[in-house]
Amino acid sequence: GARPLFFLDYIAIDKIKIRKLKKILIGILKGCKLSNCKLIGGETAEMPGIYKKNKFDLAGFSTGVVSRKKILKKNNVKEGDIIIAIPSSGIHSNGYSLVRNILKKNKIPTKIKEELLRPTKIYVDEVLNLCKKNLINSAANITGGGIIENIVRSIPDDLTANIDLSKIKILKIFSWIKSKNVSDKEMLRTFNCGVGFCLIAKKNNYKKIRKYFKKNFSPYKIGFISKDNERLKLYNKLKW
């Protein structure tokens, strides 16, 4: 529930090329602008003995502020709450090792190339507005590990997240990856499969929550919270 204040980056590269570095920084600044935070510094390291020609490593972190009373805690989640999916814009920077492996063996269609380069959707504005209105109990950013690993971190240990896989609106890029002999289990553990962010909220807040999102990122229900021995229950199948 924290509001981002500032961001610091770290770039390690074989040799600094101003033109290329400018393009990277423009992307970082755009992300900061979308999050309403400032890029206030960072570090750039030339390491020709470590990085191959034209290779670089990019990392960063943000610092934010939130009132103690407004912190989203998993203990806020109650039996009967619903799990709401917010669509992703694509791969969201997760699973590219597997993608590169697939690209070595397969010719890639032009449309898929565009999807692989699509920037990650940033949900800061929408989620902060929901926090202000006390409309959500918990949230999960669906990054590495996918839905099956991230959602359980956002609920109490004695509750169960029930997810109907058939409800997930799968993006074309994930259907293409799946067609290259990747199992459903690996898809769920590696990619967001079309769900970039999850919200856990009371049933009667669902219609109000939907109003805070644009049509192409319109939230939809994919599950509910119950009391059971298992932390996660998946039912039905993904519709590729």
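The preceding data block contains the structure.
Residues numbered from 1 in each chain as written. Predicted model: local features only at pLDDT ≥ 70, side-chain atom pairs only at ≥ 80, totals over all residues. Heavy atoms only, no water.

## Some words on the sheet that holds strand β7 (residues 195-201)
What the six strands build is an open sheet, ordered β5-β7-β4-β8-β6-β9; its pairing is mixed. Each edge of the sheet is formed by a strand with only one pairing partner; in this case those strands are β5 (138-141) and β9 (232-235). Each adjacent strand pair in this sheet contributes to an overall mean axis angle of 25 degrees, direction not counted. Across four bridges, strand β4 (residues 82-87) lies against strand β8 (residues 220-226) in antiparallel orientation. (Pairing = 2+ DSSP bridges. Helix = DSSP H or I, 4+ residues; strand = E, 2+ residues; numbered from the N terminus. Axes fitted to C-alpha atoms, helices over the stretch in contact; angles between N-to-C directions.)

## Details of helix α1 (residues 18-34)
Because an α-helix packs 3.6 residues into every turn, residues spaced three or four apart end up facing the same way. Between the first and last C-alpha of α1 there are 24 Å, a value that for 17 residues agrees with the 24 Å anticipated at 1.5 Å per step. Along α1, the positions that sit buried rather than exposed are L21, I24, I28, G31 and C32. Down the axis of α1, the sector holding all buried residues measures 100 degrees, keeping them to one side. Of the exposed residues in α1, those oriented more than 90 degrees away from the buried face are I18, R19, K22, K23, I26, K30 and K33. Buried residues along α1 sit against β1 (3-13), β2 (38-46) and β3 (56-65). Looking one or two places after α1, you find N36, whose phi comes out positive at around 55 degrees. (Expected span 1.5 Å × (residues − 1). Buried < 20%, exposed > 50% of the residue type's maximum accessible area, 1.4 Å probe, protein only. Arc of directions from axis to C-beta. Contact = heavy atoms within 4.5 Å.)

Such coordinate-based values are descriptive only and should not be taken to indicate function.
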